[in-house]
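Overview (structure and organization)
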Amino acid sequence: MSDLRSANCCVRLTPKYFTEARQVQEIDSPQLGDAEDDSELANPGEKEGRRNSVEKQSLVWKNTFWQGDIDSFHDDVIRRNQRFIPFLNPRTPRKLTPYTVVLHGPAGVGKTTLAKKCMLDWTDCNLSLTARYAFYLSCKELSRMGPCSFAELISKDWPEWQDDIPHILAQAQRILFVVDGLDELKVPPGALIQDICGDWEQQKPVPVLLGSLLKRKMLPKAALLVTTRPRALRDLQLLVQQPIYIRVEGFLEEDRRAYFLRHFGDEDQAMRAFELMRSNAALFQLGSAPAVCWIVCTTLKLQMEKGEDPAPTCLTSTGLFLRFLCSQFPQGAQLRGALRALSLLAAQSLWAQMSVLHGEDLERVGVQESDLCPFLDRGILRQDRVSKGCYSFIHLSFQQFLTALFYALEEEENRDGHAWDIGDVQKLLSEEERLKNPDLIQVGHFLFGLANEKRAKELEATFGCQMSPEIKQELLRCKANLHANKPLSMTELKEVSCCLYESQEEELAKVVVAPFKEISINLTNTSEMMHYSFSLKHCRDLEKVSLQVAKGVFLENYVDFEPDIEFERCTYVSLPSWAQQDLRSLRLWMDFCSLFSSKSNLKFLEVKQSFLSDSSVRILCDHITRSTCHLQKVEIKNVTPDTAYRDFCLAFIGKKTLTHLTLEGHVEWERTILLLLCDLLRNYKCNLQYLRLGGHCATSEQWADFFYVLKANQSLNHLHLSASVLLDEGAKLLYKTMTHPNHFLQMLSLENCRLTEASCKDLAAVLVVSQQLTHLCLAKNPIGDTGVKFLCEGLSYPECKLQALVLQQCSITKRGCRYLSEALQEACSLTNLDLSLNQIARGLWILCQALENPNCNLKHLRLWSCSLMPFYCQHLGSALISNQKLETLDLGQNHLWKSGIIKLFRVLRQRTGSLKTLRLKTYETNSEIKKLLEEVKEKNPKLTIDCNASGATAPACCDFFC
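What you are looking at is a predicted structure, and each value in this text was computed from that prediction instead of being measured.

Before going further, it helps to examine the overall build of the protein. Helix and strand counts for the protein come out as 39 helices and 25 strands. Once local pairs closer than 6 in sequence are excluded, the contacts in the protein between residues at least 24 apart make up 80%. For the protein, the exposed surface amounts to about 41100 Å²; the carbon and sulfur share of it is 49%.

Below, the structure is given as structure tokens:
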């Protein structure tokens, strides 16, 4: 196995799926080729001429400002990628079917250059004794072609080869087709898989010909090499069979570092610039493209030479790109018209999803070639040396920046974006358009970045252009519409925060986030921490934060971290790169966590499914313990490392504002954690009213200590011990505490605590003695009918104050229903009963007897998925008519069928009852059921009937247990 990281390889290769494998197996086998043709020798002169043709066809433009500076680095990238191309590796295993290789990755990382280099190697006479052919098919060019035959398609640039085409295509096993830029093929969805054709002489639309080639209907023995950006991968899966996916990542981190050192010459300056770029994760990611590396180096080096501080420039991608653009021209350059022309061209081509512009494209938008000269001279715009009328931008990201500039510049008279198929700002920021054209997302970020007043002045000083005074208000209107009358989703909040951070405008952020009261955050990288820290610090009325932290944001617990290193005093020089990254994450995390100690209205914090580290937990706890933190409700669910629970408990001791605490997670609890909880409950400042402990394992001795403290605590009235290994022995210790006259527990949940019927006997005594307990949940404990019998003995006592009883999934049958029915008819205090997920079947008829009895006080009855049968619906309907107290009945996930529904509705239409909510599932409806439903609603206007009460899982016990 070959480790890609140690090999400095910039691909992730999988034979079929999109897994990001860190290792690939070295392949040993002869070169791909047809065995019967290996002995045929080609004319050397013919091969040399063919190689020259391929070189001409694959010529890449080189700009004197930056391309030459990165050639050696780019060549290394190509070589590292190339060894994973199976048909160019002499040790590739022989394969009966030809290879299809897909090179995918973001814009500007070298996919096209790598593909063209593969063409040259494919036709290299040193690699094969037989003549081999390579054809380059550029999708951006093919999009402009009309119907033709496949033979005409591949010979359009080489008319002198037209007579040789039949001979060449007859030897498909010797041919390599490079399909470059599949994502730039402008076709409607599904066009590539329609009307598939195998005849290379038949006239067809170009998309049909390409689809036929990729599906191997056309020339099935040919080798295929496809390049695309990630957005086209899903469509490509429908076309290609058993492809090899190779992710081309461009410059790796070590490549970028080496390039900075070479560009700057001075190591101190180079490393300072490199760290500044790395501090902005979004900008650092763009740096995988060599062109962006050149932009960053050029900009920062010029600032350093002038004695300016480059740090503010790297805060945002907008700031860096604007500084680069302005640094290429002297102040007062008066290129207002040229800049407008360039931004118009960028916007028009981006909306059309074009990366290459032709002369006619310039004419269509009224741009003269002379307008582009200042930008061609400085490498911002490039002209193809082979096709002089073709232009492209230095990189997609800069094209996106210029597109944003088009919107930000003050409008001129007669400027009409619709005439050029350019959407307005509202359309630019709409979710619908972004799904069609993902490149618009970054344009929106840049547009917010250009709303910054300092940047507007910088642009005006250089080019004489003024920013539109209305653009900021227009952005505000669009973002206001985004969260009008509905809370923001995680994705929407992430987008808003990114835009506000890019703007670096405090006042803008204050206006946008002002309505936010509840937010959900999923942190996946350090950039998002920066974005949220900037935007949410202006959220005055924030009340609730739900937080998730993805694995990899903090690395301390996933690598060999030195625990004695204090990150506050560390210097980057002495640490490995992963530790440097973790220190940056922790510093940003400190800023993010200040949110919890600075918002006076913030009362609720939920941290769930989060991969933290020891240091990050300590930072968060430090802010929780501060007097300026006013959290009242905290929920910690499924958090790593396990030691985090201990640190949180320490932070909560003496926190007088805390009233609700949830600690859930399948971890082995240390004895110290329960001891810390005892200290928390024992502390004189403790005002805890609600405590939920879930998924924990403790010994009887540990539970005994914990329950003993409950006797002295006078604030706790709601205790959940769900999914904990309590067992009958531990429950007995709890019941002993509850018989104490000073206990204050009103609500107790022992859901899924492995209790048996024996535990219910002791619990029945508690029901009689306790004057406080009103709510009890024993869900998911196999107490059975005998356990129900013991409980009902306690319920029958007039001293029992229990109002709500949850027995969901407790192995109860018809016999258990009889005990419950008898207790309910004796005027017990029970008003809420949940028997969901018990196979009571005929027990419904027995429960109906209780409902018909005027002594029954039930108001809410849940019988979700209880195997109820249609036969008893008549009895149920009669019970509902006579009962004057029941308000809610849940019959969801029961197959009552059409007959049962009709019986129930026929009875309900007769008179008005007390029922307000009825939930059931109508698996089939007809005119009779619809008519009866209307009659029931007419007779009972206050009754709400939910006919779609079905689902894969039972309703949560906590929904009923309140």
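Looking now at unusual backbone geometry. Trans is the prevailing form of peptide bonds, just as negative phi is the prevailing case for residues other than glycine. With an omega dihedral of 5°, the bond running from T640 to P641 counts as a cis peptide bond. Relative to the assigned elements, P641 resides in the loop between strand 14 (633-640) and helix 28 (643-652). Of note in the backbone geometry, N752 takes a positive phi value of approximately 55° without being a glycine. Residue placement: N752 occurs in the loop between strand 18 (747-749) and helix 32 (757-769).

By secondary structure assignment, the location of S546 is in strand 12 (residues 544-549). A relative accessible area of 4% means that S546 is categorised as buried. Among the polar contacts made by the side chain of S546, one reaches the side chain of E606 at a distance of 2.7 Å. Sequence-distant contacts of S546, that is, excluding residues within four places in its chain, are made with I519, S520, I521, E606 and K608.

Before going further, it helps to examine the nonpolar core. F260, L325, W589, L863, F905 and L918 are the most contacted members of the largest nonpolar core, which totals 234 residues. Ranked by the residues each element gives to this core, the list is headed by helix 14 (residues 336-351), at 10 residues. In terms of nonpolar packing, the next biggest core, distinct from the first, is built from 39 residues, A172, L192, L210 and L233 among them.

Residue position: I619 is located in helix 27 (residues 614-624). Owing to a relative accessible area of 8%, I619 belongs among the buried residues under this scheme. It is 9.4 Å that separates the C-alpha atoms of I619 and S594, two residues lying 25 residues apart in sequence.

With that out of the way, let us pick up helix 10 (residues 267-278). Here helix 10 spans 16 Å end to end across 12 residues, near enough to the 16 Å set by a 1.5 Å rise per residue. Of the residues making up helix 10, those classed as buried are A270, A273, F274, E275, L276, M277 and R278. A side-chain oxygen of the first residue of helix 10 lies 3.0 Å from the backbone nitrogen of D268; this N-cap is D266.

Judged by how many residues are buried, strand 4 (residues 100-104) sits mostly within the fold: five of five residues are covered. Going residue by residue along strand 4, you find T100, V102 and H104 tucked away on one face and V101 and L103 tucked away on the opposite face as well. Across four bridges, the pairing between strand 4 and strand 8 (residues 244-247) is parallel. Opposite V101, over in strand 8, you have I244 as the bridge partner.

All right, on to the packing of aromatic side chains then. Summed over all chains, the structure comprises 25 aromatic pairs. An angle of 75° between the planes, with centres 5.7 Å apart, marks the rings of F274 and F284 as edge-to-face. Of this pair, F274 sits in helix 10 while F284 sits in helix 11 (residues 281-286); the two residues are 10 residues apart in sequence, bridging distant segments of the chain. With respect to class, F274 is no different from F284; both count as buried. Put simply, the rings of W294, F321, F324, F398, F401 and F446 touch in pairs and so form one group of aromatic residues. Residue placement shows K116 over the ring face of Y136; its charged tip is 4.8 Å from the ring centre. Sitting above the plane of the F284 ring, R256 keeps its charged end 4.4 Å from the centroid.

With that out of the way, let us pick up the side chain of Q303. The topology assignment puts Q303 in helix 12 (residues 290-305). In this structure, Q303 is in contact with E308, D309, P310, T313 and R323, ignoring residues within four places of it in sequence.

With that settled, the discussion passes to the pattern of salt bridges. For the structure on display, the rule yields 37 salt bridges. Ionic pairing is found between K436 and E433, a salt bridge with its closest N-O pair at 3.7 Å. Of this pair, K436 and E433 both sit in helix 19 (residues 431-436), three residues apart, roughly one helical turn. By relative accessible area, E433 is classed as buried at 12%.

A few words now on the confidence of the model for the protein. Across the protein, pLDDT averages 83, with 83% of residues at or above 70. Across residues 1-68 the pLDDT falls below 50, and counting only partners more than four positions away or on other chains, this stretch makes 161 contacts in the model. This model gives residues 558-573 a pLDDT under 50, and the stretch forms 24 contacts once residues within four places in sequence are excluded.

As a further point, take the packing of helix 14 against helix 17 (residues 396-408). At their nearest, the axes of helix 14 and helix 17 sit 7 Å apart, and the two run at 115° to each other. One element, helix 14, and the other, helix 17, form an angle in the roughly perpendicular class. The handedness of the crossing between helix 14 and helix 17 is left-handed. Mapping the contact onto sequence places L339, L342, S343, L344, A346, A347, S349, L350 and W351 in helix 14 and L396, Q399, Q400, L402, T403, L405, F406 and Y407 in helix 17. Partitioned by chemical class, the residues of the contact of helix 14 with helix 17 number 12 nonpolar, five polar and no charged.

Helix-helix packing is described using two parameters, namely the angle between the two axes and the distance between the axes. Orientation of helix 23 (residues 490-503) relative to helix 24 (residues 506-513), taken along the N-to-C sense of each, is 160°, at an axis distance of 8 Å. Classified by the angle between their axes, helix 23 and helix 24 sit roughly antiparallel to one another. Our pair here, helix 23 against helix 24, has a crossing hand that is right-handed. Residues V496, L500 and S503 of helix 23 form the contact with helix 24, whose own contacting residues are L508, A509, V512 and V513. The residue inventory of the contact of helix 23 with helix 24, partitioned by class, reads six nonpolar, one polar and no charged.

What follows deals with the environment of L555. Considering the arrangement of structural elements, one finds L555 in the loop between strand 12 and helix 26 (577-598). On a C-alpha basis, the gap between L555 and A579 in space is 7.7 Å, while along the polypeptide they are 24 residues apart.

Along strand 16 (residues 690-697), seven of the eight residues are buried, which leaves the element largely enclosed by surrounding structure. Across three bridges, the pairing between strand 16 and strand 17 (residues 718-720) is parallel. Bridge pairing in strand 17 places L691 opposite L719. With helix 30 (residues 700-712) bridging strand 16 and the parallel strand 17, this β-α-β connection has right-handed handedness.

Looking now at helix 32. Among the residues making up helix 32, those that are buried are S759, C760, L763, A764, V766 and L767. Contacts made by the buried residues of helix 32 are with helix 31 (727-738), strand 19 (775-777) and helix 33 (784-795).

Taken as a whole and judged by the stated rule, the model has zero disulfides. You can see C465 has no disulfide; the closest cysteine sulfur is in C326, sitting 9.6 Å from it.

Here is what the cut-offs are and how they apply
Residues numbered from 1 in each chain as written. Predicted model: local features only at pLDDT ≥ 70, side-chain atom pairs only at ≥ 80, totals over all residues. Heavy atoms only, no water. Helix = DSSP H or I, 4+ residues; strand = E, 2+ residues; numbered from the N terminus. Contact = heavy atoms within 4.5 Å. Areas by Shrake-Rupley, 256 points an atom, 1.4 Å probe, with all protein chains shown as cover. Buried < 20%, exposed > 50% of the residue type's maximum accessible area, 1.4 Å probe, protein only. Polar contact = N/O pair within 3.5 Å; in protein donor to acceptor, adjacent residues only side chain to side chain. Core = buried A, V, L, I, M, F, W, Y, C linked by side-chain atoms within 4.5 Å. Expected span 1.5 Å × (residues − 1). Pairing = 2+ DSSP bridges. Phe/Tyr/Trp six-rings, centres within 6.5 Å; stacked < 30°, edge-to-face > 60°. Lys NZ or Arg CZ within 6 Å of the ring centre and 35° of its normal. Salt bridge = Lys/Arg side-chain N within 4 Å of Asp/Glu carboxyl O. pLDDT = per-residue confidence, 0-100. Axes fitted to C-alpha atoms, helices over the stretch in contact; angles between N-to-C directions. Parallel < 35°, antiparallel > 145°, perpendicular 65-115°, else oblique. Left-handed = near helix turned anticlockwise from the far one by under 90°. Nonpolar A, V, L, I, M, F, W, Y, C, P; charged D, E, K, R; others polar. Right-handed = clockwise from strand over helix to strand, strands pointing away. Disulfide = S-S within 2.5 Å.

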